[in-house]
Structure formats: structure tokens, C-alpha cells
Amino acid sequence: METPGLVVHGEAEPFSTALRSLINNPQYSDVRFVVGQEQREVFAHRCLLACRCNFFQRLLGMEPGSGVPSPVVLSTVPAEAFLAVLEFLYTNSVKLHYHSVLEVLTAAVEYGLEELREVGVTFGLGPLQERCMTFIEAHSQEVLRTRGFLELSAAALLPLLRSDKLCVDEAELIRAARSWARVGAAVLERPVAEVAAPVVRELRLALLAPAELSALEEQNRREPLIPVRSEEPGIDPLRSVEEGRGGHGTAHGLRAEGALPGSAVTGFPCRWSRSWRHGNVMPCREGTRPGAPCAAAGRAPCPASITAFWTCRSSDPAPQFERNPGPT
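Residues numbered from 1 in each chain as written. Predicted model: local features only at pLDDT ≥ 70, side-chain atom pairs only at ≥ 80, totals over all residues. Heavy atoms only, no water.

Enquirer: Can you help me understand the overall build of the protein in this one?
Expert: A tally of helices and strands in the protein yields 14 helices and five strands. Every one of the 328 residues in the protein was classed for burial, and the buried ones make up 41%. Of the contacts made within the protein by residues no fewer than 6 positions apart, 62% connect residues no fewer than 24 positions apart. About 18,300 Å² of surface is accessible on the protein, with carbon and sulfur atoms providing 57% of the total. (Helix = DSSP H or I, 4+ residues; strand = E, 2+ residues; numbered from the N terminus. Buried < 20%, exposed > 50% of the residue type's maximum accessible area, 1.4 Å probe, protein only. Contact = heavy atoms within 4.5 Å. Areas by Shrake-Rupley, 256 points an atom, 1.4 Å probe, with all protein chains shown as cover.)

Structure (C-alpha cells):
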């Protein structure tokens, strides 16, 4: 009986370097491409492309004739992006650049290179997300009115709702979230409350003024958006929030799956509440999230504005409010 052999792996770096030296190298090349609008000539190796990519296997499947083979014309892909594709096929790695990653991603989709597509999608995602969030925070009201906002996925909407720097009243943000859920409900043929469930916990109801809270209560009866549950018989769920904001009562009424501060039942961390203020007016009008001011004098629309908030400890069984200065 033959003894099974032992697989020994050599160093990957010299192997990768050797294969990289073959990219666009006419020596030993047996296939020639003319790519892009500039009609740049690119040399490659038929067997390597065919074994690495089904697209090229089909494209290059015909046996070459006895004469000099005609070049393969790929006019829709830029030369730089095509060379990046070759680099990935030859070495299983690629160096991407911001100015050309979209073209590489397009080519990866066209050629069925799923791994390269995933690399292209995630390339620079962190910095891109940060720039997008900074823009949204600076233009919150305009963004909420766009069609693009209504078409966001729940996963994309969550970071936006978690931001402390949105320059928009919480009431307007809740209305925008309701519109977003309506669109999703129509597309997915599901109830509005079910579509909103993943994101509704990030709505900070304690920032609402009493009149806004009453209006939301009435609208929530007509069109459920925020799930409610009363902990005590006879307690109006939404109105108990008003009591809790002022430091009276239990603040256990509305259970929006974490939308309210200090829920001992849900166990979610408490949120900022708009209980009182001193000094000047609330930055960016009442009901705006702490951290939102970002305009004049480097931070606040009103440089003299001083704001304070009540917060609660989520570990408290029945939350007690403590004095905690907000941003100045």
C-alpha cells in the first residue's frame, strides 16, 4: 500500500512575483488583446486566463490557427482596469486605486470574477462611509427629502439614525423614517411597522416636545410605526414618556424596542432626552440631537449657546435622571 505523501508549500511571495512578471509580457505570450478606447495592446497567456476565468475560457476556447492569431478586441474596458484584472488573475492579488476602482469593479462583474468584485466593493469603504456621513450630517434636511433616502436599505439607514450630529429636528426625522417605511412596505408587501422594526429603536422619542409626542401618539394609532406596551394598567404608553422626561413617573410606558431611554425591560442603553435647557436656545432649534451644531464659529450656529440635558442610566431598574451637561 502506497504511503500518502506530505504536501510541502514553498514561499508564496517569489511565486507571486514570478507570475506578476508575466503580466503584459510579450515573451511566451500566445494571446493579444486590444483594449479600451485608446486601443492599447496587451499581451497575456491563454492557458492561465482560461483556467482562472470562465469568461476567458469561453472567449479563448477556439484553438488558434497556424498563422498569427488575430487580436481579441475588448473596447468597453479601459486598459488600466483590464491590467488590474490580469494582475488579479495571475497573482490572486491586485493594487486598486480610487480613480479606477469603479472600472475594475465593472470588469469584474462582466467577467464573472466574484472574488474581485467583492474586493472592489469593499475597497475604501470605510473612508467613503465617513465622507458620506459627514455630508449627510451637514445637509440632513435636504437628504431626508431625496428619493435616495427612501430607497436606503435598513442596514444603510441604521448608521444615519445613530448619528448625534444630524442637523434636523427629531420630529422631522421620525416623519422621514415613516415615509421610508411606507416605501419599503409597498415594495416588500409587508406592514409598515414590520419594515420599520430594525430601525425604529434608533428614533429618540424623548427629544420630542409634548405637542409633537401627542401628535405622534395619534398618528401611531392610525398607522402603527412604533410598537408600544404598557407596563401598568391604565397607563397611556406615550404619555408616560412625558412624565419620565421630567423626572416624574417610571418612564416605562412606551416600549419602542429600545427607542426610549432607560428601559429596564428592553435592556437597550439610554438615549439623550430633551428635558431642560439653560443659557441660550437649543442649537439647531429644539429637539435637535446633541452634537448636531457644526456651523458657525467652528461648531455651533449660535456660538454663545449653552445646552444641558437630562440623561438616565440604563442599568437602573426604574431610571433615575441625573444632571449631565451637554455639548457647549
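Structure's up, so let's keep going.
Enquirer: Teacher, can you tell me more about the pattern of salt bridges here?
Expert: It is possible for side chains of opposite charge to pair when their charged atoms get near one another. This structure, assessed with the given rule, holds 13 salt bridges. Here Glu 202 ties to Arg 162 by a salt bridge, and the two come within 3.2 Å at their closest N and O atoms. With a gap of 40 residues between them, Glu 202 in the loop between helix H12 (192-200) and helix H13 (210-222) and Arg 162 in helix H10 (residues 154-162) connect regions that are remote in the sequence. What makes Arg 162 partly exposed here is its relative accessible area of 43%. The shortest N-O distance in the salt bridge between Arg 190 and Glu 194 comes to 3.1 Å. (Salt bridge = Lys/Arg side-chain N within 4 Å of Asp/Glu carboxyl O.)

Enquirer: Explanation requested: the nonpolar core in the structure shown.
Expert: For soluble globular proteins, the rule of thumb is that nonpolar side chains tend to be buried together. Counting residues in hydrophobic clusters, the biggest one holds 34 residues, and the most contacted among them are Phe 33, Leu 49, Phe 56, Phe 82, Leu 86 and Tyr 111. Elements represented by at least two residues in this core include exactly strand E1 (31-35), strand E2 (40-44), helix H2 (46-52), helix H3 (54-59), strand E3 (72-74), helix H4 (79-91) and helix H5 (101-111). A per-element tally of this core places H4 first, with 10 residues. Not counting chain neighbours up to four residues away, the residues in contact with Phe 56 comprise Phe 33, Leu 49, Ala 50, Gly 61, Phe 82, Leu 89 and Tyr 111. Within the second largest apolar cluster, 31 residues are counted, among which are Ala 177, Ala 181, Ala 196 and Val 199. (Core = buried A, V, L, I, M, F, W, Y, C linked by side-chain atoms within 4.5 Å.)

Enquirer: Please clarify how unusual backbone geometry should be interpreted in this entry.
Expert: Leave glycine aside and you will find that most residues have negative phi; peptide bonds, for their part, are mostly trans. Despite not being glycine, Asn 92 has its phi angle at roughly 60 degrees, a positive value. Here Asn 92 lies in the loop between H4 and H5.

Enquirer: Is there a simple way to think about the pairing of E2 in this case?
Expert: The side chains of a regular strand alternate, residue by residue, between the two faces of the sheet. As paired elements, E1 and E2 share five bridges and run antiparallel to each other. Looking at the pairing, Val 31 lines up with Ala 44 of E2. (Pairing = 2+ DSSP bridges.)

Enquirer: Help me understand the pairing of E1, please; the structure alone is not making it clear to me.
Expert: Counting buried positions over the five residues of E1 gives four, a clear majority of the element. Between E1 and E2, which pair antiparallel and follow one another directly, the connecting turn spans four residues, one of which, Gly 36, has a positive phi of 75 degrees. Relative to E3, E1 is paired through three bridges, and the arrangement is parallel. Bridging from a neighbouring strand, Phe 33 pairs with Val 72 of E3.

Enquirer: What exactly am I supposed to notice about the side chain of Glu 87 here?
Expert: Summarising the element assignment, Glu 87 is placed in helix H4. Among the residues examined, Glu 87 registers a relative accessible area of 16% and is labelled buried.

Enquirer: Where do I start with the packing of aromatic side chains in this structure?
Expert: Given two aromatic rings, their pairing is described by the distance between the two centres and the angle made by the two planes. A full pass over the atoms with the stated rule returns seven aromatic pairs. Ring plane angle 55 degrees and centroid distance 5.2 Å describe the contact between Phe 56 and Tyr 111, whose orientation is recorded as tilted. Highlighted residues: Phe 56 in helix H3 and Tyr 111 in helix H5, separated in sequence by 55 residues. Grouped by ring-pair contacts, the aromatic residues Phe 33, Phe 55, Phe 56, Phe 82 and Tyr 111 constitute a single cluster. (Phe/Tyr/Trp six-rings, centres within 6.5 Å; stacked < 30°, edge-to-face > 60°.)

The values are spatial; any link to function lies outside them.
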